[in-house]
Amino acid sequence: MIAVELAKLFRRPRTYVITGLLCALPLIVAIFLATTRVPPPPGQGGAFLSAVLSNGALYPAAAMALVMPVFLPVSVAVLAGDAVAGEATTGTLRYLLIRPVGRTRLLAAKLIALVVFVLFAIVAVLLTSYVTGLALFGSQPSAGVALPADVTSLSGVTITPAGLALRMLGTVAYIVISMLSVAAIALFLSTVTDSALGAAMGALAVLVTSQVLVTLDAAAAVRPYLPTRYWLAWIDFFRDPVLWRDIERGAGIQLVYLVVLLGMAWANFLTRDVVN
Amino acid sequence: MIVTRDLTKRYGRLTAVDGVHLDVREGDRYGLLGPNGSGKTTLVRMLLGLVFATRGEIEVLGRPVPRRVGEVLPDIGALVEGPGAYPHLSGRANLRLFDAAGPGGSRRDRRRRVDEALERVGLAGVDRRPVRAYSLGMRQRLGLASALLRRPRLLVLDEPTNGLDPRGIREVRDLLTELNAQGTTVLLSSHLLAEIDAFCTRVGVMDRGRLVLQDELAALREPTGRVVVATPEPERVVALLDGRVEGRDGTTLTIRHADPAALNADLVAAGIRVTELGPERRSLEQVVLDLTTTSADRVEAA
């Protein structure tokens, strides 16, 4: 069943269109930066953006900071919202279930396909932005990578390319977990409604609400428990030494959301009448 | 093959299926009839474990459903409320995906299984066009192919000839007859009387969620005790059999008489020419119309 879900994922043109759009955003930003050489003022604009002007090897991290807050969660919500509701709409859900594919297996296969999509998209963005960064900004060969001053507490610290790769790996893992909780929200809603668009909309509504509350001082009491509160905590991977506190908390909260929402999706899907 | 006891499904205040005792036997060609909205589809969905019953028991192929539905589904081929396919893939790719999704059958035989199923439903020459571009009839045939993919012991078909032209309907009926002769039990649900009439040996009639009748088709159509006679000389017949003629429509007369053969002899003895003569039978349509009330899709003014 997992193979079938992956086949469905990679035989749909939309998978590549979404990934292409995700890759296009950092590319467009890079072209503007490279032609004007105007860095965003410190503390504003995307993280790492001023740093990449001096070192293109950091551009993948900047690209992640660009796609992470909006673009990536939107695409994950759209795909996850479509996972069950879309099958119901085409009428294929009932034929899968009487094939028979167990409901738990179906849900698990859908989730795995979503993980694969997130990984695929992230790797595509990382690769294209790495190439873009080197081509447009150049790099400092072999001297190691200087961590950007606006991110690190200690400016001028350099790490080895291997260290950078390791930190990027940590970043990818952290983002996958964050996106999985988005997927879990949309997947749960996808088992509730037969409208793929409704499920994606619902998940996005949760995320937008959370983003608004994060910036609202009046909501400070609930802030640590909001799903998007620690989304950008992976930036701490690029401090020296790595600042683990927010990363650990963020991962913990995402895991709680993931387990609770997947449980709800499972319980709902298992007992639901399939009338579509 | 299929036994249900007091099967009931409620959606909120609406009772879609109400205390149904269905009994489909091995080798049956069972026709489930009923107006739109009488609960046929909900009943079929419950048999397949897609919808969960509010009350009652279901047994399919000797196993309780939905508790052990996973064990019986591999032996069932089904078409429920229209075919379902991924619109951006070809028909063949769709069948391969469905074949790969479930248990049983090796990967090596997949191509052969898919080709056989397509051949059976008359889509052997289907090309790489996506299902999106298929006509309604082609989709219906593809849905049938999907149901036949695993050579099921039981076929559950809900409106299988939807969207097919008369020739296509005939082909499907011939295919089902052939499969039934090879031992496949067929449960056919339809609101088309002619389809059930032409194929089924047993019928169940549903009306507003209830199974109001379940019997052999032949028993339903036993003679009514009247004889239909067509003759160029209707006046002479009326004169001869005064009082027993119950209806007259041009040259066709309906006569109350127990024995058509004896009546024929009487008429011939009297020198009356007869073009047609036979016992009157209730039509399935009459049976169903007598038993059922209104269509759920009819909305009367208050």
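Basis of the calculations
- Residues numbered from 1 in each chain as written.
- Chains lettered and ligands numbered in written order.
- Predicted model: local features only at pLDDT ≥ 70, side-chain atom pairs only at ≥ 80, totals over all residues.
- Helix = DSSP H or I, 4+ residues; strand = E, 2+ residues; numbered from the N terminus.
- Contact = placed C-beta atoms within 7 Å.
- Core = buried A, V, L, I, M, F, W, Y, C linked by C-beta atoms within 7 Å.
- Buried ≥ 20, exposed ≤ 12 C-beta atoms within 10 Å, placed from the backbone.
- Domains from an automatic or database assignment.
- Nonpolar A, V, L, I, M, F, W, Y, C, P; charged D, E, K, R; others polar.
- Pairing = 2+ DSSP bridges.
- Axes fitted to C-alpha atoms, helices over the stretch in contact; angles between N-to-C directions.
- Parallel < 35°, antiparallel > 145°, perpendicular 65-115°, else oblique.
- Left-handed = near helix turned anticlockwise from the far one by under 90°.
- Expected span 1.5 Å × (residues − 1).
- Arc of directions from axis to C-beta.

Turning to the overall build of chain B, a few remarks are in order. The helix and strand inventory of chain B stands at 11 helices and 15 strands. Counting contacts in chain B only where the partners sit at least 6 residues apart, residues at least 24 apart contribute 68% of the total.

Core analysis: the largest hydrophobic core is formed by 152 residues, its most contacted members being A:Ala184 and A:Ala186. Beyond its immediate chain neighbours, meaning those up to four positions away, A:Ala186 contacts A:Ala77, A:Ala80, A:Gly81, A:Ala199, A:Ala200 and A:Ala203. Within the second largest apolar cluster, 7 residues are counted, among which are B:Val229, B:Val237, B:Leu253 and B:Ile255.

Here the focus is the domain arrangement of chain B. Often, the extent of an interface is quoted as the loss of accessible area on bringing the components together. Per the domain assignment, the segments making up chain B are domain 1 (2–220) and domain 2 (223–281). Summarising the inter-unit geometry, the C-alpha centres of domain 1 of chain B and domain 2 of chain B are found 44 Å apart.

Contacts between the two partners involve 23 residues from chain B, matched on the other side by 22 residues from chain A. The element that contributes the greatest number of residues to the side of chain B that touches chain A is helix α3 (residues 91–101) of chain B, accounting for 4 residues. In the side of chain B that touches chain A, the residues fall into 17 nonpolar, 6 polar and no charged.

Now for the sheet that holds strand β7 (residues 76–79) of chain B. All names here are of chain B. Across the sheet, which stays open at both edges, the 6 strands sit in the order β7-β8-β9-β4-β10-β11 with mixed pairing between neighbours. Each of the sheet's edge strands pairs with one partner strand only, and the pair in question is β7 and β11 (210–216). For this sheet the average axis-to-axis angle between neighbouring strands, irrespective of direction, equals 15°. Pairing of β7 with strand β8 (residues 154–158) involves 4 bridges; the strand directions are parallel. Among the inter-strand pairings, Gly 77 is bridged to a residue of β8, identified as Leu 155. Here helix α1 (residues 40–47) sits on the sheet and contacts β4 (29–33), β8, β9 (185–190) and β10 (202–207); the angle it forms with β8, its principal contact strand, is near 150°. Along the sheet face, helix α5 (residues 136–148) touches β7 and β8 and points at about 165° away from the line of β7.

Quick look at the packing of α3(B) against helix α4 (residues 110–120) of chain B now. When two helices pack together, their arrangement is given by the angle between the helix axes and by the axis-to-axis distance. Residue and element names in this part refer to chain B. Between α3 and α4, whose axes approach to 10 Å, the crossing angle comes to 125°. Judged on the interaxial angle alone, α4 and α3 are oblique. Where α3 crosses over α4, the two elements pack in a sense that is right-handed. Contacts between α3 and α4 involve Arg 92, Leu 95, Arg 96, Asp 99 and Ala 100 on the former and, on the latter, Arg 110, Arg 113, Val 114, Ala 117 and Leu 118. Per-class residue counts for the contact of α3 with α4 are 5 nonpolar, no polar and 5 charged.

Residue and element names in this part refer to chain B. In terms of residue burial, β10 counts as a mostly covered element, since 6 of its 6 residues are buried. Burial along β10 is two-sided: Arg 202, Gly 204 and Met 206 facing one way and Val 203, Val 205 and Asp 207 facing the other are all buried. As defined by bridge partners, β4 adjoins β10 across 4 bridges and the pair is classed as parallel. Bridging from a neighbouring strand, Leu 32 pairs with Gly 204 of β10. One ladder, built from 6 bridges, connects β10 with β11; its direction is antiparallel. Paired with Val 205 across the strands is Leu 213, a residue of β11. The turn joining β10 and β11, which pair antiparallel and follow one another in sequence, is formed by 2 residues; a positive phi near 45° is taken by Arg 208.

With that out of the way, let us pick up the sheet that holds strand β13 (residues 245–249) of chain B. All names here are of chain B. Judged by pairing direction, the sheet is antiparallel, and its 4 strands sit side by side in the order β13-β14-β12-β15 without closing on themselves. This sheet does not close on itself; its edge strands, each paired only once, are β13 and β15 (276–281). Between one strand axis and the next, the sheet turns by 25° as a mean value, whatever way the strands run. Relative to strand β14 (residues 252–256), strand β12 (residues 223–230) runs antiparallel, the two being bridged by 5 bridges. Within β14, the position partnered with Val 229 by the bridge is Leu 253. Against the sheet, helix α10 (residues 260–269) engages β12, β14 and β15, with an angle of about 150° to β15.

The next thing to look at is the environment of B:Phe199. Residue and element names in this part refer to chain B. Among the structural elements, Phe 199 can be located in helix α7 (residues 193–199). By C-beta crowding, Phe 199 is classed as buried, having 21 other C-beta atoms within 10 Å. Remark: the alpha-carbon pair of Phe 199 and Gly 31, spanning 168 residues in sequence, is separated by 8.1 Å. Among all residues touching Phe 199, those that are not within four sequence positions of it are Arg 29, Gly 31, Arg 173, Leu 176, Thr 177 and Leu 188.

This next bit is on the environment of A:Tyr230. In this fold, A:Tyr230 is placed in the loop between α9 (196–214) and α10 (244–271). Those residues in contact with A:Tyr230 that sit more than four places away from it in its chain are A:Asp246, A:Arg249, A:Gly250 and A:Ile253.

Moving on to α9(A). Residue and element names in this part refer to chain A. Over its 19 residues, α9 extends 27 Å from the first C-alpha to the last, a length consistent with the 27 Å expected when each residue adds 1.5 Å. Inspection of α9 places Ala 196, Ala 199, Ala 200, Gly 202, Ala 203, Val 206 and Leu 207 among the buried residues, and these make up the whole buried set. Buried residues along α9 cover an arc of 160° about the axis, so they all sit on one side. Buried positions along α9 lie against α5 (71–90) and α8 (161–192).

Apart from glycine, the bulk of residues carry a negative phi angle, and the bulk of peptide bonds sit in the trans form. In this model, A:Arg99 is joined to A:Pro100 through a cis peptide bond whose omega is 5°. Positionally, A:Pro100 belongs in the loop between α6 (92–97) and α7 (103–137). The omega torsion across B:Val65 and B:Pro66 is 5°, close enough to zero to call that bond cis. The topology assignment puts B:Pro66 in the loop between β6 (63–65) and α2 (69–72). One non-glycine residue, B:Leu61, lies in positive phi territory at about 50°. Here B:Leu61 lies in the loop between β5 (55–60) and β6. Of note, the phi angle at B:Glu159 is positive, near 50°, even though the residue is not glycine. Examined against the element boundaries, B:Glu159 turns out to sit in the loop between β8 and α6 (166–181). Looking at B:Glu159, the number of C-beta atoms within 10 Å reads 20, which means it is buried.

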